[in-house]
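Here is what each chain is made of, one letter per residue.
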Amino acid sequence: MVQTMYGVPRPDPIGYLGQVAATGPGRAYKTYALAALELRPGLTVVDAGCGPGTDLGALADAVTGTGSVIGVDHDPVMLGEARRRTAGRAGVEVRAGDAQALPVADDAADRARADRVLMHVAEPARVVAELRRVVRPGGLVALTEPDWDTLTVDPGEVETGRAFNRFVCGSMVRHATIGRRLARLAAEAGLEVVAARVLAPTLSDFATADQVLGLRRNAERAVNAGELDAEAARSWLAGLAGPHFSASFMLYAVTARVPG
């Protein structure tokens, strides 16, 4: 059986998000995304799809006790963890709600963000429109999303890697190429794009990349779905687990301003 051959369990969602944030590339892109918001004391910022509260503390530190942070998520488990992590933090509120219909009043915030959220929702454009709605004129919206079609790994047989990518983009991620669409989505929502940057996180350790990118578990799924040959997948993974590994992909970061 393929499952016994790979033996890779599905990761705990909260633990997975923490692992991603703790990697060097994870820390680097989050630092950039935080700086793009130009936060300062006294501002109100909305984190749409805040998950377990990974970034709520950093946002609260940036706006200090004179500002406020509103985290929004729809998942009860994530909400519980976010509330636990921010318990006792002045100015931090965690609300249950959908990023496509934020429980936040019009023009209530100075800043808003969505970090790796749009690739999962049914209608990404609705999320961007909601971020524009809740931010008052002159405020900033920051979006960060990967483009999984750009994932490259080395070593490993190239065609197997391409088949792996096709499976991930076609079956595992709702909007696998959303990153390249961010600037257009922002403009279509009536936002003024002020910065659009492509980052290229690079992982040089197979074990870390396997945790972040799901190389073994998604190869297993692809084999079970008939999208990858079992022997080819085994050989590909064995090559990746050897020395001199590298993996990279494009991560798009867009900052936009609400007109006025």
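Please refer to the structure placed before this passage.
Residues numbered from 1 in each chain as written. Predicted model: local features only at pLDDT ≥ 70, side-chain atom pairs only at ≥ 80, totals over all residues. Heavy atoms only, no water.

### Observations regarding the packing of helix α2 (residues 13–22) against helix α5 (residues 76–86)
Here α2 crosses α5 at 55 degrees, and the two axes come no closer than 10 Å. The pairing of α2 with α5 is recorded here as oblique in orientation. Across from Pro 13, Ile 14 and Leu 17 in α2, the residues of α5 making contact are Val 77, Met 78, Glu 81 and Arg 85. (Axes fitted to C-alpha atoms, helices over the stretch in contact; angles between N-to-C directions. Helix = DSSP H or I, 4+ residues; strand = E, 2+ residues; numbered from the N terminus. Parallel < 35°, antiparallel > 145°, perpendicular 65-115°, else oblique. Contact = heavy atoms within 4.5 Å.)

### Notes on the environment of Arg 40
In this structure, Arg 40 sits in the loop between α3 (24–36) and β1 (44–48). Residue Arg 40 is classed as partly exposed on the basis of its relative accessible area of 47%. Residues Arg 40 and Phe 167 lie 127 residues apart in sequence; the distance between their C-alpha atoms is 42 Å. Once you skip the residues sitting within four places of it in the chain, Arg 40 turns out to touch Ala 62, Val 63 and Arg 111. (Buried < 20%, exposed > 50% of the residue type's maximum accessible area, 1.4 Å probe, protein only.)

### Here we look at the pattern of salt bridges
Within the structure shown, the criterion is met by 20 salt bridges. Between Asp 55 and Arg 113 there is a salt bridge, and its shortest N-O distance comes to 3.3 Å. With Asp 55 in the loop between β1 and α4 (56–63) and Arg 113 in strand β4 (residues 109–115), this pair connects stretches of sequence that are 58 residues apart. Comparing Asp 55 with Arg 113 shows no difference in burial state: the two are buried. (Salt bridge = Lys/Arg side-chain N within 4 Å of Asp/Glu carboxyl O.)

### Re the packing of aromatic side chains
Inspection of the entire model under this criterion finds 3 aromatic pairs. Taking the centre distance of 4.8 Å and the plane angle of 40 degrees together, the rings of Trp 148 and Phe 249 count as tilted. Pair noted here: Trp 148 is in strand β5 (residues 135–154) and Phe 249 is in strand β8 (residues 246–257), with a separation of 101 residues, a long-range link. The ring of Tyr 32 carries the charged tip of Arg 197 above its face, separated from the ring centre by 4.7 Å. (Phe/Tyr/Trp six-rings, centres within 6.5 Å; stacked < 30°, edge-to-face > 60°. Lys NZ or Arg CZ within 6 Å of the ring centre and 35° of its normal.)

### A few points about the pairing of strand β2 (residues 68–73)
Within β2, 5 of the 6 residues are buried, which leaves the element mostly enclosed by the surrounding structure. Bridge count between β1 and β2: 5 bridges; the pairing is parallel. Each bridged residue has a counterpart across the sheet, and for Asp 47 the counterpart in β2 is Gly 71. As a crossover connection, the stretch from β1 through α4 into β2 is right-handed. Alignment of β2 against strand β3 (residues 92–96), held across 5 bridges, turns out to be parallel. Its bridge partner being in β3, Val 69 is matched across the sheet by Val 92. Handedness of the β2-α5-β3 crossover: right-handed. (Pairing = 2+ DSSP bridges. Right-handed = clockwise from strand over helix to strand, strands pointing away.)

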